[in-house]
Amino acid sequence: MAFTRATGKHRRPSRMKRTTARAAGVAALTTTGVIGTLAAPALAAEPAAEQTGLLPVITIGDSVAEQIDAQAVAQQQAAAEAEAEKKAEAAAKKRAEERAEEAREAKERAAREAERKRLTTYVSPISGSYVSTGYRSGGALWSSGSHTGVDFHAASGTPVYAVGSGTVVEAGWGGAYGNQVVIKMNDGTYTQYGHLSSFSVSVGQTVTPGQQIALSGATGNVTGAHLHFEARTTAEYGTDIDPVAYLRSHGVGV
């Protein structure tokens, strides 16, 4: 009875072809260091080098090939995980830097807003004092026949403060007002501080709310130490407005 040799797609590759394919895989994995991690007995259990007449070929079993494949996959997975971790660290660092920048900008905005509010705030010219003589009070003490400002009770040497932001336009002797300081406020109005024992600002100097500008006293036409305070529409005498209403309109409780 005659036997027919198997052909076509069902024909199993020859031992030489399988061995050659395995050898190529081993050579490739050797360059990456994968095969070097295999235990020596695993390779020793495989058949010895087989001479093909062209190249010496090492044949390895399926179990060793599977180990090589598993190690290659493990190395690839480890490399992918390391890359993913590196990217995650970079992303976390970037987010931290962005949050730090946002916090810095928020802090700067808050500081600018606080400074803006401070510069637009008004304060009393004398701390913890009260009005001892009101606006438009009559009497022979005043050349105009009435009081053009208000008097704040204050012993000589009490600190006097700028009620708001502005620029000093007068600082010196003011006749009946004695030593005086006149400030042009940022809103275009003027404030006057009279009967000072001394002052610490000069013409052209800018001042801010609550900045000390002088000490109260009894210079000029007075009967005792106090602070004379006026609010005006210009720097000139006779343009006075109600100083209490002026301060209250700017949020100062008088």
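Residues numbered from 1 in each chain as written. Predicted model: local features only at pLDDT ≥ 70, side-chain atom pairs only at ≥ 80, totals over all residues. Heavy atoms only, no water.

J.: For the overall build of the protein chain, give the residues involved together with the corresponding values.
T.: Regarding its fold elements, the protein chain presents four helices and twelve strands. For the protein chain, with 254 residues in total, the buried portion stands at 30%. Total accessible area on the protein chain is roughly 15,200 Å²; 57% of this is exposed by carbon and sulfur atoms. (Helix = DSSP H or I, 4+ residues; strand = E, 2+ residues; numbered from the N terminus. Buried < 20%, exposed > 50% of the residue type's maximum accessible area, 1.4 Å probe, protein only. Areas by Shrake-Rupley, 256 points an atom, 1.4 Å probe, with all protein chains shown as cover.)

J.: Just give me the short version of the nonpolar core, but keep the residues and values in it.
T.: Counting residues in hydrophobic clusters, the biggest one holds 25 residues, and the most contacted among them are Val160, Val181, Ile183, Tyr193 and Ile213. The set of elements that each furnish at least two residues to this core consists of strand E4 (150–153), strand E7 (179–185), strand E8 (190–199), strand E10 (212–216), strand E11 (226–232) and helix H4 (243–249). Leaving out residues up to four positions away in the same chain, isoleucine 213 has contacts with Val160, Tyr161, Ala162, Val181, Ile183, Tyr193, Phe199, Ser200, Val201 and Val207. (Core = buried A, V, L, I, M, F, W, Y, C linked by side-chain atoms within 4.5 Å. Contact = heavy atoms within 4.5 Å.)

J.: Talk me through the pattern of salt bridges; I want residue IDs and the actual numbers.
T.: Overall, the coordinates contain six salt bridges when judged by the stated rule. One network of salt bridges, in which partners are shared, links Glu101, Arg104 and Glu108. (Salt bridge = Lys/Arg side-chain N within 4 Å of Asp/Glu carboxyl O.)

J.: Report on helix H3 (residues 62–120), specifying residues and quantitative values.
T.: For H3, built from 59 residues, the straight-helix expectation of 87 Å at 1.5 Å per residue is met to within 8% by its first-to-last C-alpha distance of 86 Å. Those residues of H3 lying buried are Val64, Ala65, Ile68 and Ala72. (Expected span 1.5 Å × (residues − 1).)

J.: Explain the side chain of threonine 148 to me, and be specific about the residues and the numbers.
T.: Looking at where threonine 148 falls in the secondary structure, it is placed in the loop between strand E3 (131–133) and E4. The class for threonine 148 is buried, based on a relative accessible area of 7%. In this structure the side chain of threonine 148 is engaged in a polar contact, spanning 3.4 Å, whose partner is the side chain of tyrosine 177. At a separation of 2.5 Å, a polar atom in the side chain of threonine 148 contacts the side chain of glutamate 230. Among residues more than four places away in sequence, those in contact with threonine 148 are Tyr135, Tyr177, His228, Glu230, Tyr237 and Asp240. (Polar contact = N/O pair within 3.5 Å; in protein donor to acceptor, adjacent residues only side chain to side chain.)

J.: Describe the environment of glycine 220, and please don't skip the residues or the numbers.
T.: Along the chain, glycine 220 turns up in the loop between E10 and E11. Glycine 220 sits 26 residues away from glycine 194 along the chain, and the two C-alpha atoms are 8.4 Å apart. Leave out the neighbours within four places in its chain, and glycine 220 touches Trp173, Gly175, Ala176, Tyr177, Gly178 and His195.

J.: Break down the side chain of serine 165 for me, with residues and values.
T.: Along the chain, the position of serine 165 falls in the loop between strand E5 (159–161) and strand E6 (166–173). Of the polar contacts made by the side chain of serine 165, one reaches the backbone oxygen of leucine 119; its length is 2.7 Å. Once residues lying within four places of it in the same chain are set aside, the contact partners of serine 165 are Leu119, Lys184, Met185, Asn186, Val207, Thr208 and Pro209.

J.: How would you sum up the pairing of E8? Please name residues and give values.
T.: Two faces belong to every sheet, and in a regular strand the side chains alternate between them. Across the ten residues of E8, seven count as buried, placing the element largely inside the fold. Here E7 runs beside E8; their pairing, made up of five bridges, is antiparallel. Opposite lysine 184, over in E8, you have tyrosine 190 as the bridge partner. Hairpin connection between E7 and E8: a loop of four residues separates the two successive antiparallel strands, and glycine 188 in this loop has a positive phi of roughly 95 degrees. In this structure, E8 lies alongside E11, joined through five bridges in antiparallel fashion. Opposite threonine 191, over in E11, you have alanine 231 as the bridge partner. Here E8 pairs with E10 via three bridges, running antiparallel. (Pairing = 2+ DSSP bridges.)

J.: Could you give an account of the environment of histidine 228, naming the residues involved and the relevant values?
T.: Tracing the sequence through the fold places histidine 228 in strand E11. Along the sequence, histidine 228 and alanine 154 sit 74 residues apart, while their C-alpha atoms lie 9.9 Å from each other. With sequence-adjacent residues up to four places away left out, histidine 228 is seen in contact with His147, Thr148, Gly149, Val150, Asp151, Tyr177, Gln192, Tyr193, Gly194 and His195. Here the side chain of histidine 228 touches aspartate 151 through a polar contact of 3.3 Å, side chain to side chain.

J.: An account of the packing of aromatic side chains is needed here, citing residue identities and associated values.
T.: Considering all chains together, one arrives at three aromatic pairs under this definition. The interplanar angle of 80 degrees and the centroid separation of 6.0 Å between the aromatic rings of tyrosine 122 and tyrosine 246 together place this pair among those described as edge-to-face. Separated by 124 residues along the polypeptide, tyrosine 122 in the loop between H3 and E3 and tyrosine 246 in helix H4 bring together distant segments of the chain. For the pair tyrosine 122 and tyrosine 246, a shared accessibility class is recorded, and that class is buried. (Phe/Tyr/Trp six-rings, centres within 6.5 Å; stacked < 30°, edge-to-face > 60°.)

J.: For a negative patch on the surface, give the residues involved together with the corresponding values.
T.: Together, Glu97, Glu98, Glu102 and Glu105 make up a negatively charged patch on the protein surface. Tracing the backbone through its elements, the reader meets glutamate 105 in helix H3. (Patch = residues over 30% accessible without salt bridge, like charges linked within 9 Å, V, L, I, M, F, W, Y side chains within 5 Å. Lys, Arg positive; Asp, Glu negative; His and termini not counted. Charge placed at Lys NZ, Arg CZ, Asp CG, Glu CD.)

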